[in-house]
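Residue-level listing of the chains:
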Amino acid sequence: MTLDLVRDDDSLARQNQKLRQIAEALMRRVEQEGTGDGAAFAQFERAAVLEKQVRERTRDLEHALDLLNASNAQLAAANRETEAARADLAGAIGTLQEGFALFDPEDRLVLCNSRFGDGIAGLPLSPGLPFTEYVEAVSKSPSLVLSEDCNPADWARQRLLRHAEDHVIFNVALTGDRWLQVSEHRTPRGGTVIMQTEISDIIRTERVARGKLLDRQARMIRATLDHINQGVCIFDADARLAGWNRQMSQLLSVPLTRFRLGVEFHQLFERLRDGLSFLGGTDAQTMLDWVAKRRPRAALRFEIQRGSVTVLDVFAQEMPDRGFVISFTDVTAERRASAALAEANELLERRVHERTVELEAALAAAERANASKTRFVAAASHDLLQPLSAAKLYIASVAGDDADRAVAGKAANALDSVEAIIEALLDISRLDSDQASLDIGSFSLGEMLASLADEFAPAAARKGLRFQVLPTRHRVRSDPGFLRRILQNLIANAVRYAESGRVLVGVRKEAEGVRVEVHDTGPGIAEGDREAIFREFHRLEGQGGDGIGLGLAIVERAAARLGHPIGLRSRLGVGSVFSVALPLAPAATGDRPEGPAVQSARRGQVMVLLVENNKDMQSALAALLERWGVGVIVADGAEEALAILDEIAIAPDALLIDYGLDGADTGVDLLQRLRAWHGDIPARIISAHREPRLAAHCAAAGAPLLTKPLSAAALEAFVFSAAR
Amino acid sequence: MKDHVRSLPWREGTDQVLTAAKVPADHPLPMEAIKAALGPGPFALVLLFASPAADFAALTAASGVAYPSAEIIACTTAGEIFDGYSDGTIVAIGLPAEDFACATQLIENVDNIDSEELIARIVHARASLGLGHGGFDHEFGMLLVDGLSLAEDRVAATLAAAMGEVPLVGGSAGDGTVFEQTWVGRNGVARRMAGVVALIATRCPVQVFSLDNMVPTDRRMVVTSADPDRRIVRTINAEPAAAEYARLVGKDPEQLNPLIFAAHPVVVRVWGKHHVRSIQRVTEAGELVFFSAIDEGLVLTVASASEIDMATHLDGELSALGAPAAILGFDCLLRRLDAAERQQIRAVSECLARHRVVGFSTYGEQIGPIHVNQTMTGVAVYPPTGP
């Protein structure tokens, strides 16, 4: 930057002079000389320098002014509101009917209305008055009525205690029968508002009303006492009569004049007790003791009789003031009615008892009749069966030509049918009579079915049916005899009704056990017939010729007794499936093979070894014995008998041995061998021969001869005597 | 004659916020022509910038009749700005009452103003605008003041103090290049030694600005003798002022003229900022008469135009204002002279037209409290943002 203040061609003196003038001008400027002359530039300079600051300062100032104005306006508004509120408040409390006062949190009077001082003389009410001084002034006011045991200091102390609570309302009595209700409430800021309400009118009105109420209540009680049909007398704490009603005299049959206010209970009681008798466990002393008793007395109730008829219920109860009330109720009618009722009841019970006895007798007779019927059926069946077996035995023994044997065969078949009917009847009879005891055990179902298969295979083969029994390894739990009857009947029906096709017996495993199913390709059973077929002697029309209609009846009864559900599925023209459900045997029952003989042996108490080479005779006899509940071990000959006994290792209780056995040995020979092995077992030799020599021979062998046809009675006598 | 009456085609634009027109200064019935061009209003404010060739008193009187309900302020010019630089015309600008509210004050005897009285009047006038209502959230002030009053500094400072943070722009009335008499007018009244101020509230956002293209050089001088009241510098560096100025700017003292003054203004440095002190003329005594306040002991620094040419500089500055709907501009006479000297007048004029500047050439400009020279001040008016 060049400093070109002076001209180069100036003399030094000129330059010096100019620089001095320049310096002077600058110094004057710096020292602000000539201010007056330079005002305009100074203005400019100030403006330039201060422009920014001034502008900001101005803005701040304006903002501050705005705020000031706004707050002034708010303040003015607030002041107006405050004034208005104060005026409103003062006006409001001035118009109150109640006296009103407000104390601040420091317990100094803020304001009160003129009514606040009304009625209490001598209160120095002015703002700033401490609450304690206010209370003291009230306590000393001549207007205040103090109770006898309370002086002004006491009153003031109690009043200040109340003041300590946030909300309290109480009444103050003033002279001239005037009352004030004072309610005191704490304000949220901790100040106190006191309202005084003049309640003299209310108190007076209430007092009058209460007086009226008491009178009215007394009249109402009196009217009530006279209205009820009980006798009531009231005694006070000293047991003196305080009240009674008219019914008293009627019920006790004493003149009303006897009742006198204030008369002592004892006096009254002594006068009245003649002519009264106490019923139940109560006597006069009970009553006297009760009256004399100190508190508390439990209510006392008893009955008395006046004269010969009237019965009174007496109820004595203590009242809160130790007095007591005794009421008398005429219960003569009730007692009479209840006596009549008791009499009627007794008569009725007697009749019921008599009738019960009669009915029991009738029932016994009925049971007897039923039992005798059952016994009759059983006996009749036995009796029918015996000649039948005999007839069969005879027929079995018929000899002759082929024609004769053919006739005999037909006769035997006819007898078989008769026998089947009788057996069925016998079964039903037993099932009905409840006398058939069940013998539940575990056994192999497969073996039972196998034997049934053997039994029915010939009949099925004769009709050209394919008959099949599926093998099973299940062991079941049931009564084997009845189960066998059930299955026998089902299979027999199947074979009987299936004209062609097949009969299939199989076992199905189910969740709860097994189900034995018998399938046939018979005509099927219509829906409507499915119940009827289980009835006795019911046969479906046009079907089968040789059934008697008892099979399913037996099945149903036996299954019901055993608890084995019977099932039936059928389609007309296709076939039927009968089934019986069985429980499985518990697993640990052992694997001992159980043949039919052994079953029998386990079932009966008496075990008979029957050795008979004639099959018909053998099965007839076995059936007979089994029907008697006797276990039967059957054998065709001596060797078989010995082998079976050897196998089962059980000694029979009795022996029935046919004299004429196959082979060389006679029945007596066998008898001796058996006895040699098993001891002296009672025995009978049976034979169709009636030669005395034979009889003697048998008798000598210790086995009397029973001749054919066998006498069932003799047989039974022998078997059951052997059992003992 | 009708061909000479022009109005800007702004009504066609969607961002139209004001309307303007110019008529020849020698138009026999200028106000009628102006009214025909601006339309009947209603206007909040009508501005009239009249060439010294016009009959200012008659124009002022007629304006009060033409727009009896509008505020009207007017002044004489050293040239008009309407579609670029213009001469011998009357430029009229109408601010619609729909978007503007306005209050005006006449300031008489500006050489002897009562600051407190003026401030009080301005405050009341502002209050009468009902600020804060109707969405008229934007505010600015506009001053037109006698350009030969030697009092612009004081007037501007006083007004700025009264207006607080409200921005103030202004222009000094001119008298062509004659420097004999300038006029201002308000609502039918014409005055010399006076100022008029318009306080304007509007729903249009506004932005005031001040620009110059001067940079100080290293040539400085000291005012050793002066007559501050008359803005006359008698000696510089203890030599006759004109001769010493001429020596420092390298010119013949005998040939000093406004073009040289415009090309070589001097600036004063106040708190790190330069402010142009323009020279008006040379007296017969070889003294320098300034357009703005001076004092003895001032250090004057010779300034020169920046490297960037004037039109480019102006275009940059005006473009920086964004997209205003219009610009009211007060452009120093010396800038126009300088542009002419530098053969930039055409470019600068086109730049003004392009930026839709309307206004006039001044004897001085006011921005806030400061009166300066050789600048362009003004206010950019933007389309309303809200309803």
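For every chain, the first residue of the written sequence is number 1, and numbering continues from 1 along that sequence. Each chain is given a letter, starting from A, and each ligand a number, starting from 1, according to the order in which they appear as written. Per-residue local features of the predicted model are confined to residues with pLDDT of at least 70, and side-chain atom pairs are confined, for both listing and counting, to 80 or more; whole-chain, interface and lining totals are unaffected and use all residues. Side-chain measures were taken over the full set of non-hydrogen atoms in the model, leaving aside hydrogen atoms and water.

**Concerning the overall build of chain B**
Quick reminder of the rule: A run of H or I in DSSP becomes a helix once it reaches four residues, and a run of E becomes a strand once it reaches two; helices and strands are each numbered from the N terminus. Per-residue accessibility, obtained with a 1.4 Å probe over protein chains only, is compared with the maximum for each type, and a residue is labelled buried under 20%, exposed over 50%, and partly exposed between these values. Residue contacts follow a heavy-atom distance rule, with two residues in contact if any of their heavy atoms lie within 4.5 Å. All accessible-area figures derive from a Shrake-Rupley calculation using a 1.4 Å probe, and residue coverage is judged against the displayed protein chains alone.
Tallying secondary structure elements over chain B gives nine helices and 27 strands in all. When burial is assessed residue by residue, chain B has 63% of its 387 residues classed as buried. In chain B, of all internal contacts separated by at least 6 residues, the share reaching a separation of at least 24 is 80%. Summing over all exposed atoms, chain B offers an accessible surface of approximately 13900 Å²; the carbon and sulfur share of this is 49%.

**Some remarks on the sheet that holds strand β18 (residues 575-582) of chain A**
All names here are of chain A. Applied cut-off: Pairing between strands is defined by DSSP: at least two bridges between them are needed. Note on definitions: angles span 0 to 180 degrees between N-to-C directions of axes, and those axes are lines fitted to C-alpha atoms, for helices only across the stretch in contact.
If you trace the five strands from one edge of the open sheet to the other, you get β13-β15-β16-β18-β17, paired in mixed fashion. Taken across any chain shown, the strands that pair with only one partner, and hence form the sheet edges, are β13 (466-469) and β17 (566-571). Direction aside, neighbouring strands of the sheet carry axes that sit 20° apart on average. When strand β16 (residues 513-520) meets β18, the two strands line up antiparallel, connected through seven bridges. Its bridge partner being in β18, E517 is matched across the sheet by S579. Where helix α13 (residues 480-497) meets the sheet, it contacts β13, β15 (502-510), β16 and β18, and its direction lies at approximately 25° from that of β16.

**Description of the interface of chain A and chain B**
Convention followed: Computed with a 1.4 Å rolling probe, the buried area is the accessible surface lost when two parts are put together, summed over both parts. A side-chain nitrogen of Lys or Arg and a carboxyl oxygen of Asp or Glu constitute a salt bridge if their distance falls within 4 Å.
Taken together, the contact pairs 31 residues of chain A with 40 residues of chain B. Roughly 3200 Å² of surface becomes buried between chain A and chain B when both sides are summed, with 59% attributable to carbon and sulfur atoms. Our count for the contact surface shared by chain A and chain B stands at six salt bridges. Notably, a salt bridge pairs E239 of chain B with R14 of chain A, separated by 2.9 Å at the nearest N-O pair.

**Quick look at unusual backbone geometry**
Residue and element names in this part refer to chain A. The phi dihedral of A239 is positive, around 60°, even though this residue is not glycine. Locating A239 in the fold gives a position in the loop between β6 (231-235) and β7 (241-244). In this structure, R322 is a non-glycine residue whose phi angle is positive, near 75°. The exposure class assigned to R322 is buried, which follows from its relative accessible area of 14%.

**Thoughts on the packing of α13 of chain A against helix α14 (residues 551-562) of chain A**
How two helices pack is summed up by the angle between their axes together with the distance between the axes. Residues and elements named next belong to chain A. For the record, the criterion: For a crossing to be left-handed, the near helix must be turned anticlockwise from the far one by less than a right angle; the clockwise case is right-handed. Each residue receives one of three labels: charged for Asp, Glu, Lys and Arg, nonpolar for Ala, Val, Leu, Ile, Met, Phe, Trp, Tyr, Cys and Pro, and polar for the others, Gly being one of them.
Contact pair α13 / α14: the axes reach a minimum separation of 9 Å and the direction vectors enclose 145°. Crossing of α13 over α14 shows left-handed handedness. Counting all contacts with α13, which are made through F482, L483, I486, N489, L490 and N493, the residues of α14 involved are G551, L552, I554, V555, A558, A559 and L562. Looking at side-chain class alone, the contact of α13 with α14 contains 10 nonpolar, three polar and no charged residues.

**Regarding the packing of helix α8 (residues 265-273) of chain A against helix α9 (residues 284-292) of chain A**
Residue and element names in this part refer to chain A. Spelled out, the test is: The scheme is simple: roughly parallel for angles under 35 degrees, roughly antiparallel for over 145, roughly perpendicular for 65 to 115, oblique for anything else.
Relative to each other, α8 and α9 sit at 170°, their axes nearing to 12 Å. Considered as vectors, α8 and α9 are oriented roughly antiparallel to each other. Along its contact with α8, which presents F265, H266, F269 and R273, the element α9 presents A284, M287, L288 and V291. For the contact of α8 with α9, the residue count by class is six nonpolar, one polar and one charged.

**Examining the nonpolar core**
Proteins that are soluble and globular tend to have nonpolar side chains buried together. For the record, the criterion: We call a set of buried residues a nonpolar core when its members are Ala, Val, Leu, Ile, Met, Phe, Trp, Tyr or Cys and they connect through side-chain atoms within 4.5 Å of each other.
F49, I93, L144, Y245 and L288 of chain B are the most contacted members of the largest nonpolar core, which has 70 residues in total. Residue contributions to this core peak at six residues, all from helix α5 (residues 241-249) of chain B. Apart from residues lying up to four places away in sequence, Y245 of chain B is in contact with M221, L256, I260, F261, H264, V266, I279 and L288 of chain B. In this structure, A453, F456, A492 and V495 of chain A belong to the second largest nonpolar core, which totals 43 residues.

**Points about a nonpolar patch on the surface**
As a reminder of what qualifies: Here the term patch refers to residues with relative accessible area over 30% and no salt bridge, with like charges joined within 9 Å and nonpolar side chains (Val, Leu, Ile, Met, Phe, Trp, Tyr) within 5 Å.
A grouping of L61, L65 and L68 of chain A is seen on the molecular surface, where their side chains present a nonpolar patch of about 290 Å² in accessible area. Along the polypeptide, L65 of chain A turns up in helix α2 (residues 39-95).

**Some points on the pairing of strand β9 (residues 138-145) of chain B**
Residue and element names in this part refer to chain B. Basically, it comes down to this: Handedness is read with the strands pointing away from the viewer; a crossover is right-handed when the path from the first strand over the helix to the second is clockwise.
Here β9 lies mainly inside the structure; seven of its eight residues are buried. Note: β9 against strand β13 (residues 194-202), eight bridges, orientation antiparallel. Across the sheet, the residue bridging to H138 is T202, located in β13. As paired elements, β9 and strand β10 (residues 168-172) share five bridges and run parallel to each other. By the bridge assignment, L143 is partnered in β10 with G170. Traced from β9 through helix α4 (residues 152-163) to β10, the parallel crossover comes out right-handed.

**What about the sheet that holds strand β5 (residues 192-198) of chain A?**
Residue and element names in this part refer to chain A. Strands sit in the order β2-β1-β5-β4-β3 across an open sheet of five strands; the sheet is antiparallel. Each having just a single partner strand, β2 (109-112) and β3 (167-174) make up the two edges of the open sheet. When the angles between neighbouring strand axes are averaged without regard to direction, this sheet yields 20°. Pairing of strand β4 (residues 178-186) with β5, which is carried by seven bridges, proceeds in the antiparallel orientation. Of the residues in β5, the one forming a bridge with S183 is M195. Running at roughly 20° to β5, helix α4 (residues 131-140) makes contact with β1 (99-103), β4 and β5 of the sheet.

**Focus: the pattern of salt bridges**
Per the stated rule, a full pass over the model turns up 38 salt bridges over all chains. With a closest N to O distance of 2.6 Å, K18 of chain A and E239 of chain B form a salt bridge. Of this pair, K18 of chain A sits in helix α1 (residues 12-30) while E239 of chain B sits in strand β17 (residues 239-240), on two different chains. Each member of the pair, K18 of chain A as well as E239 of chain B, is classed as buried. Shared partners join several salt bridges into a network, and the residues in it are R7, D10, R14 and K18 of chain A together with E239, E244 and R247 of chain B.

**Considering the environment of L96 of chain A**
All names here are of chain A. The topology assignment puts L96 in the loop between α2 and β1. For the pair L96 and F116, spaced 20 residues apart in sequence, the C-alpha separation works out to 10.0 Å. If we skip the residues at most four places from it in the chain, L96 touches N113 and R115.

**Digging into the packing of aromatic side chains**
Which entries qualify depends on this criterion: Only rings of Phe, Tyr and Trp enter the pairing, Trp through its six-membered ring, and a pair is recorded when the two centres are within 6.5 Å. The plane angle decides the type: under 30 degrees is stacked, over 60 is edge-to-face, the rest tilted. Remark: a charge is flagged as sitting over a ring if the NZ atom of Lys or the CZ atom of Arg is within 6 Å of the ring centre and within 35 degrees of the ring normal.
Inspection of the entire model under this criterion finds 19 aromatic pairs over all chains. Ring-pair connections join several aromatic residues into one group, and the members of that group are F235, F265, F269, W290 and F324 of chain A. Note that R297 of chain A overlies the ring of W290 of chain A, its terminal NZ or CZ placed 5.1 Å from the centroid. The side chain of K35 of chain B reaches across the aromatic face of Y67 of chain B, ending 5.5 Å from its centre.

**Some details on the confidence of the model for chain A**
Residues and elements named next belong to chain A. Under the convention used in this document: Residue-level confidence of the predictor is what pLDDT reports, using numbers from 0 through 100.
Looking at chain A, the pLDDT average stands at 80 and 90% of residues meet or exceed 70. Across residues 542-546, where pLDDT falls below 50, the model places eight contacts with residues more than four positions away in sequence or in other chains. Below pLDDT 50 for its whole length, residues 589-604 participates in 27 contacts with residues either more than four positions away or in separate chains.

**Regarding the side chain of D331 of chain B**
Residue and element names in this part refer to chain B. As for its placement among the helices and strands, D331 is situated in strand β23 (residues 326-332). Relative accessible area serves as the criterion here: at 1%, D331 is assigned to the buried category. For D331, the contacting residues outside a window of four places in its chain are I81, Y85, F360, S361, T362, E365, T375 and M376.

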